[in-house]
Amino acid sequence: MMCEYLNQLEERGEINGEVNLSSLSEKLYDLGRSKDVKLAVRNPDARARM
């Protein structure tokens, strides 16, 4: 049961979400898109699109 739940979270990117957000933030800052970093942090849908 727990493994199934963890698999679902992983598929949705929620287990490694902090790592993915960190990588995304770094790339956006490198591109000079600091406003998009703020959007990515606050809006999960926007983060998924990026």
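Conventions used here
- Residues numbered from 1 in each chain as written.
- Predicted model: local features only at pLDDT ≥ 70, side-chain atom pairs only at ≥ 80, totals over all residues.
- Heavy atoms only, no water.
- Helix = DSSP H or I, 4+ residues; strand = E, 2+ residues; numbered from the N terminus.
- Buried < 20%, exposed > 50% of the residue type's maximum accessible area, 1.4 Å probe, protein only.
- Salt bridge = Lys/Arg side-chain N within 4 Å of Asp/Glu carboxyl O.
- Contact = heavy atoms within 4.5 Å.
- pLDDT = per-residue confidence, 0-100.

When its secondary structure is counted, the chain shows four helices and zero strands. In the chain, the order of α-helices and β-strands from amino to carboxyl end is α-α-α-α. Counting the 50 residues in the chain, one finds 14% classified as buried.

Here we come to the pattern of salt bridges. Within this structure, the stated rule accounts for one salt bridge. Its salt-bridge partner being Arg33, residue Asp36 comes within 2.6 Å of it at the nearest N-O pair.

On to the environment of Val37. Mapped onto the elements, Val37 comes out in helix α3 (residues 34-42). Since its relative accessible area comes to 6%, Val37 is described here as buried. A sequence separation of 16 residues divides Val37 from Leu21, and the C-alpha atoms of the two residues are 9.0 Å apart. Setting aside residues up to four positions removed in sequence, Val37 forms contacts with Ser25, Leu28 and Tyr29.

Right, let's get into the confidence of the model for the chain. Mean pLDDT over the chain: 76, with 64% of residues reaching 70 or higher. Confidence, read as mean pLDDT per element, is least for helix α1 (residues 2-11) in the chain (61) and greatest for α3 (89).

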